[in-house]
Amino acid sequence: MAGIYDLTGQNIENTYQRVLQTPDGVNVYDGTGSLFYLGTYNTATGSYGSFYDTAKQAASASSSATAIKFSYEGLLNNINIQSNTSGQPTKITVQHAGVYMVQYTLQIIKPDVGVDEMSVWIRRNGAAYANTHSNFTISGSNIKNLLTGNYLVDLGANDYIELYFSVKNTSSMLCGTNVQTIPSRPATPSAQINLHKLN
């Protein structure tokens, strides 16, 4: 049934599955003041994909563009991931044209003291997608910094997107967290991205 779902404090993977299984359009509140419409969805024929990575990922050089890799797949239909020219799984490719909601979460650690600045943005078919750039301030001393973003992206059939980042200090890197105990908690990916087609 159509309605409003409050996702504040809920497990993102479980919530994502629940939303995909909702037969009618839903409005989703993410707990940060954002309210967005997911629309009517059918898991049998819809286009959606969830991809993640658990490894450390460092920038190739200071203030240089580095593509984020996603080595593992979650739920997906009509969306896949392909390797770039370096053989890394970075190119998330859609089979059907439409407007897609793109949501990402990154965990960043800067082991030394001080702060750093990280830029994150989307490229479509190798070119920067307008107005998808975000600047984040990273705290040092091994503090876990969680960065999130969500955008609507217009894609044609067989178009692909990549998520890029740059840092001023190469000590800042994407870094996951292993399974935790007392209480038992699942691992935290270093990078996660979800796409789903809205129309």
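Source: prediction; values computed, not measured. (Residues numbered from 1 in each chain as written. Predicted model: local features only at pLDDT ≥ 70, side-chain atom pairs only at ≥ 80, totals over all residues. Heavy atoms only, no water.)

Enquirer: Sorry, what's going on with the side chain of aspartate 116 here?
Expert: Tracing the backbone through its elements, the reader meets aspartate 116 in strand E11 (residues 115–124). No salt bridge forms around the buried aspartate 116; measuring N to O, its nearest opposite-charge neighbour lysine 110 is 6.3 Å away. Of note is the side chain of aspartate 116, whose polar atom sits 3.2 Å from the backbone nitrogen of asparagine 169. Leaving out residues up to four positions away in the same chain, aspartate 116 has contacts with Lys110, Phe136, Thr137, Ile138, Val167, Lys168, Asn169 and Ser172. (Helix = DSSP H or I, 4+ residues; strand = E, 2+ residues; numbered from the N terminus. Buried < 20%, exposed > 50% of the residue type's maximum accessible area, 1.4 Å probe, protein only. Lys, Arg positive; Asp, Glu negative; His and termini not counted. Salt bridge = Lys/Arg side-chain N within 4 Å of Asp/Glu carboxyl O. Polar contact = N/O pair within 3.5 Å; in protein donor to acceptor, adjacent residues only side chain to side chain. Contact = heavy atoms within 4.5 Å.)

Enquirer: Looking at this model, I keep getting lost on the confidence of the model for the protein chain. Mind explaining?
Expert: Segments scoring low in pLDDT should not have their predicted coordinates read at a detailed level. Here the protein chain averages 84 in pLDDT, and 77% of its residues register 70 or above. Every residue in residues 10–38 is under pLDDT 50, and counting partners more than four places away or in other chains gives 73 contacts. (pLDDT = per-residue confidence, 0-100.)

Enquirer: Can you walk me through the environment of glutamate 117 in this structure?
Expert: With respect to the element layout, glutamate 117 can be found in strand E11. Using a relative accessible area of 34% as the deciding quantity, one classes glutamate 117 as partly exposed. Taking the C-alpha atoms as reference, glutamate 117 lies 5.8 Å from valine 167; in sequence the two are 50 residues apart. If we skip the residues at most four places from it in the chain, glutamate 117 touches Asn135, Phe136, Ser166, Val167 and Lys168.

Enquirer: I would appreciate a short explanation of the nonpolar core in the present structure.
Expert: Nonpolar side chains tend to gather and get buried jointly when the protein is soluble and globular. One finds Phe70, Ile92, Leu106, Met118, Ile161 and Ile193 to be the most contacted residues of the largest nonpolar core, which totals 31 residues. Listed by contribution, the elements that provide at least two residues to this core are strand E8 (79–83), strand E9 (89–94), strand E10 (98–109), E11, strand E13 (134–139), strand E14 (144–155), strand E15 (160–167) and strand E17 (191–197). Here this core takes 5 residues from E10, the largest share from any one element. With near-sequence residues (within four places) excluded, isoleucine 161 lies in contact with Thr90, Lys91, Ile92, Val102, Ile122, Arg123, Arg124, Val153, Leu155, Ile193 and Leu195. (Core = buried A, V, L, I, M, F, W, Y, C linked by side-chain atoms within 4.5 Å.)

Enquirer: I'm lost on unusual backbone geometry in this one. Help?
Expert: Negative phi values dominate among residues other than glycine, just as trans dominates among peptide bonds. The peptide bond linking isoleucine 182 to proline 183 adopts the cis configuration, its omega dihedral lying at 0°. You can see proline 183 is positioned in the loop between strand E16 (173–174) and E17. Backbone geometry at serine 63 places phi at a positive 55°, although glycine is not the residue there. For serine 63, the position within the fold is in the loop between strand E5 (57–58) and strand E6 (66–67). The backbone of serine 141 shows a phi angle near 65°, a positive value even though the residue is not glycine. Relative to the helices and strands, serine 141 is located in the loop between E13 and E14. A relative accessible area of 45% places serine 141 in the partly exposed class.

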